[in-house]
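# Commentary on secondary and tertiary structure
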Amino acid sequence: MAARVLRPLPRLKPFHRLQVILQHLKMHKQTDSTAEVLLEKRGGAGIITLNRPKTLNALNFSMIQQIYPQIKAWEQDPETFLIIIKGTGEKAFCAGGDIRVIRDAVKAGDRLVQDFFRGEYTLNNAIGTCKKPYVALLDGITMGGGVGLSVHGHFRVATERTLFAMPETAIGHFPDVGGGYFLPRLSGKIGYYLGLTGFRLKGRDVLKAGIATHFIESEKLPALEKDLIALKSPSTENIADLLNSYHLKSKVDLEKEFVLDEHMEKINSIFSANSMEEIVEKLKQDGSPFAIKQLETIKKMSPTSLKIALRQLREGASMSLQEVLTMEYRLSQACMRGHDFYEGVRAVLIDRDQAPKWKPAALEDVSDEFVDDCFKPLGDNDLKL
């Protein structure tokens, strides 16, 4: 790799400036194949590689601390024309945040509980406001934190191996990382359905749902990356043209109907309800096999998470990304203070008994006052973007 020329540092707040300085000092280490995230410049492209294949490239705080200042530095660099983010291994782009660590941190009274979510949402905002074209290659599992690393950028490329989901209500959390911004903006009420039930979309369906912008075969990704790197001083339009050329040649599942097509009328009707109780009632009244399946799924989710998530999505529909992330930071801290997040992580990831004991155990026992409290500003501790 060519010797790296350090660019003048961008004007940033003191904390962010310090992060950028540290990043420049650490940069030579970041192409070490054992690093958790690899940061390199190739041609006119800055490339971020999530490098924890054994944990499905789960995002931890140290990775956030490295990626954020690098994006900010590349954004200011006249020699960087686009940013590419991808994951190592064949299984995952990024399966989410490293929530076991967060759970342990809360139990230990560690500041990581504030720092992780503050850092993650600040990174989500940096991606959403990035002035350089940002291309996410979603090859494999893309859930939770992995969605936050991709969905707010200009381009999201799905492959036949992409598996997208926002499964947070199953672990006593809510569809965060800007889920309150992008989910309600999907067609009809599909975003509400995905956010509340954790339904998984695969392959081309991620494109058809409006989450990915392009679809190509997984085996073509190395060629696409090479062509992106080879572009000379490209504009966003040049990059779009290249992605379109690959996309148009892709024939995998081209004729296949969108997995939710036959259910969209029901989804749009049922998930437009004003409350979780009303959604449940509508599903019961519908009584179709699809509705019964959704009822079974919803019964497994944290009632508290469902109520928080529905309000988050309804309010987020008319908010800016920054307002949504500020709201979600408040909700993240409320979930960390509660019971269900720990119980959900225990049941799903630690003991794996898949039998969480939620408190409260029923939707009607989660009061409006409790939900209101979760949305209250945190004063000096609020997320400031």
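All residue numbers refer to positions counted from 1 along the written sequence of the respective chain. It should be noted that, the model being predicted, local features are given only for residues of pLDDT at least 70 and side-chain atom pairs only at 80 or more, the latter also being counted only at that level, while totals for whole chains, interfaces and linings use all residues. Computation of side-chain values: all heavy atoms of the structure, hydrogens and water removed.

We now examine the environment of Q285. Put simply, DSSP H or I for four residues or longer makes a helix, DSSP E for two residues or longer makes a strand, and each gets a number counted from the N terminus. Secondary-structure assignment places Q285 in helix 12 (residues 276–286). Only protein chains enter the calculation, and the probe is 1.4 Å; a residue is then buried if its accessible area is under 20% of its type maximum, exposed if over 50%, and partly exposed in between. Its relative accessible area of 61% is what places Q285 among the exposed residues. Linking Q285 and V106, residues 179 residues apart in sequence, is a C-alpha distance of 41 Å.

The subject of this paragraph is the sheet that holds strand 4 (residues 92–94). With mixed pairing, four strands are arranged side by side in an open sheet as 4-6-8-9. The open sheet has two free edges, formed respectively by strand 4 and strand 9 (201–202), since each of these has just one partner strand. The pairing of strand 6 (residues 141–143) with strand 8 (residues 163–165) spans three bridges and is classified as parallel. Among the inter-strand pairings, T142 is bridged to a residue of strand 8, identified as F164. Here the rule is simple: two strands pair whenever DSSP picks up at least two bridges between them.

To estimate how far a helix should extend, the number of its residues minus one is multiplied by 1.5 Å. An ideal rise of 1.5 Å per residue puts 22 Å on 16 residues; helix 2 (residues 61–76) measures up with 24 Å between its terminal C-alpha atoms. Within the sequence span of helix 2, burial applies to M63, I64, Q66, I67, Y68, P69, Q70, I71, K72, A73, W74 and E75. With a side-chain oxygen lying 3.3 Å from the backbone nitrogen of S62, the N-terminal cap of helix 2 falls on N60. N or O atoms within 3.5 Å of each other form a polar contact, as long as, within protein, one can give a hydrogen and the other can take it, and as long as residues adjacent in sequence are counted only when both atoms are side-chain atoms.

Once that is clear, we can look at the nonpolar core. Only buried Ala, Val, Leu, Ile, Met, Phe, Trp, Tyr and Cys residues count toward a nonpolar core, and they belong to the same one when joined by side-chain atoms within 4.5 Å. In terms of nonpolar packing, the biggest core is built from 94 residues, with I48, L50 and I279 touching the most fellow members. With nine residues, the top contributor of residues to this core is helix 15 (residues 321–337). Contacts between residues were defined by any pair of non-hydrogen atoms, one from each residue, lying within 4.5 Å. Not counting chain neighbours up to four residues away, the residues in contact with I279 comprise L196, I270, F271, A273, I298 and L310. Listed in part, the 18 residues of the second largest apolar core include L82, V135, I229 and Y246.

Let us look at unusual backbone geometry. In this structure, the amide linkage connecting K359 to the following residue, P360, adopts the cis form with an omega of -5°. Within the element layout of this structure, P360 appears in the loop between helix 16 (340–350) and helix 17 (368–374). Backbone geometry places L56, a non-glycine residue, at a positive phi of 55°. Locating L56 in the fold gives a position in the loop between strand 2 (45–50) and helix 2. What makes L56 partly exposed here is its relative accessible area of 27%.

Turning our attention to helix 3 (residues 99–107). For helix 3, every residue scored as buried is listed here: I99, I102, R103 and A105. Down the axis, helix 3 shows its buried residues gathered within 160° of arc, on one side only. Buried positions along helix 3 lie against helix 4 (112–128), helix 15 and helix 16. The first or second residue beyond helix 3 is G109, which carries a positive phi of 70°. Note: the arc covers the axis-to-C-beta directions of the helix.

In this section: the pairing of strand 2. The buried fraction of strand 2 is high, at six of six residues. Because side chains alternate across strand 2, one face comprises the buried residues A45, I47 and T49, and the other comprises G46, I48 and L50, equally buried. Here strand 1 (residues 37–42) pairs with strand 2 via six bridges, running antiparallel. Bridging from a neighbouring strand, V37 pairs with L50 of strand 2. In this antiparallel pair of consecutive strands, strand 1 and strand 2, the connection spans two residues, and G43 shows a positive phi of 60°. As paired strands, strand 2 and strand 3 (residues 82–87) are joined by six bridges and run parallel to one another. Following the sheet pairing, L50 is matched in strand 3 by G87.

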